[in-house]
Each structure stands twice: as structure tokens, then as C-alpha cells.
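Fold and contact review
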Amino acid sequence: MTRDSLVSLEPEGGWKRLPEPRLVPLQDHELGVFRRFILFVIVKVGKAYSTNLFRTFFRNFRVYFAFARFNAKIMPKGELTRRQTELALLRVGWKTRSYYEWSHHCDIGLRAGLSTTDIVRVTQGPDAAGWDVCEAAILRAVDEMFAEQQVSPSTWEVLAQHLDEKLLIELLFLIATYTGLASVLNSVGVRLEPEIEEIMTRPIS
């Protein structure tokens, strides 16, 4: 680890980490043929590298598969831009102190075109220099929903100048869904995969 790597970033109060996972990922022999096939499709076709998450939540396949089908409608198949989506999700991961969610969206965000400078700036919040008006409002909406469970009138007014009604609803569900997911991840203690840890230790350019 270097001082100037993504892994060196830490929110106030630190990351919410358990000493050991409360539920461990299923091994191949525990998955069965159908769940192994679904996992293969998710990883190889969907390029989702959250294997510890999938193998853990497949312990209740009925619930997680239904959640995942809904979740795909807002990420990655949402109608907000990928940049807007990833900025919001990085801020959610930061505010909820979810190292797993934060780290994965550092990886996904970089693959979607964010820079490491963008990621560092997310940690500084909506008032940091460099955001456009809509991006700052999206980050502020995350902060307000986290703190007050409601977007303020002033932030809503700015968002409504840039996003139509469908996108406003999508943004709210995006923030709420990933805040809930972060709480589940923090409570279960899903461990980060080694390949994502490696990405997090690369120097910030």
C-alpha cells in the first residue's frame, strides 16, 4: 500500500469492517449446477467481479435473485449517465462506510470513465471544486438522503432543472437501493476479492 493509493482513503469514523464474515461464500460443490451457471453468466458476460457477494447471497437465492433483477434496472441498465450513476454510488459507499461497495465502484467507475481524481473528489463531497451543477446536486442528494431520508427543496430544484421525472425517480431509487445494500454488506461482512484489492492499491495518477 502506498500513501497515494485509493486504499489509503478512509471516511470519518473508518470503514465498517467485521473481524470475520458472519456468512461465508458458498464453495462450488455447495452451489449446484444452476447457481454455478448463473454465476458464470454474471461474471463472464456481465463482467461483475463481485464473486464473494454472489456466493454469499446465493445462500438465499430466491431473495437475492429477485433483488438483482430489480437492481439491474438502475445499474448498469439505468438511464442516468454512467458517470452520474457511479458518482452517486461512490458517494453512497463513502457515506455508509462500506468498504466493499466503495471499492467495487472505484473499479466500476474507473472502467466507466471516471478518473482517480474524480474518485478522490467524491470523498470531498458536493462542495468540492470541479463538479458541474448537476453532479454537485447528485452528491448533495446522497448526503441529504443519508442524513435526513429526504432530498431538500433547494437540491430538488437544481436536480429538476437537469433531470426529467423518470430520471429523478431513478436517482432516488439508486441512492436508496445502494444505501440498503451497503447496510447488508456491512452487516454480513463480505470480504473484498483479491483482484479488487489489487486495483485499490495502485497509485493515484
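To be clear, the structure that these remarks concern was listed above.
A brief report on the enclosed structure follows.

Conventions and cut-offs
- Residues numbered from 1 in each chain as written.
- Predicted model: local features only at pLDDT ≥ 70, side-chain atom pairs only at ≥ 80, totals over all residues.
- Heavy atoms only, no water.
- Helix = DSSP H or I, 4+ residues; strand = E, 2+ residues; numbered from the N terminus.
- Rg over C-alpha atoms; globule rule 2.2 N^0.38 Å.
- Buried < 20%, exposed > 50% of the residue type's maximum accessible area, 1.4 Å probe, protein only.
- Contact = heavy atoms within 4.5 Å.
- Core = buried A, V, L, I, M, F, W, Y, C linked by side-chain atoms within 4.5 Å.

A separate point is the overall build of the protein. When its secondary structure is counted, the protein shows 10 helices and zero strands. Whereas a compact globule of 205 residues would reach a radius of gyration of roughly 17 Å, the protein reaches 17 Å, a difference of no more than 12%. Overall, the C-alpha framework of the protein stretches about 55 × 40 × 30 Å when taken along its three principal axes. Across the 205 residues of the protein, 48% fall into the buried class. Sequence separation of 24 or more characterises 72% of the internal contacts of the protein that already satisfy a separation of 6 or more.

Here we take up the side chain of Ser5. Within the element layout of this structure, Ser5 appears in the segment before helix H1 (28–45). Residue class for Ser5 comes out buried when judged on its relative accessible area of 0%. Contacts of Ser5, omitting those with residues within four sequence positions, involve Met200, Thr201, Arg202, Pro203 and Ile204.

The next point concerns the nonpolar core. Most often, soluble globular proteins have nonpolar side chains that are buried together. Counting residues in hydrophobic clusters, the biggest one holds 58 residues, and the most contacted among them are Phe58, Trp102, Leu159, Leu171 and Leu174. No other element matches the nine residues that helix H9 (residues 165–188) contributes to this core. In this view, Leu171 contacts Leu80, Ala88, Ile138, Leu159 and Leu163; residues no more than four positions away in its chain are not counted.

By themselves, these observations are geometric and do not establish any function.
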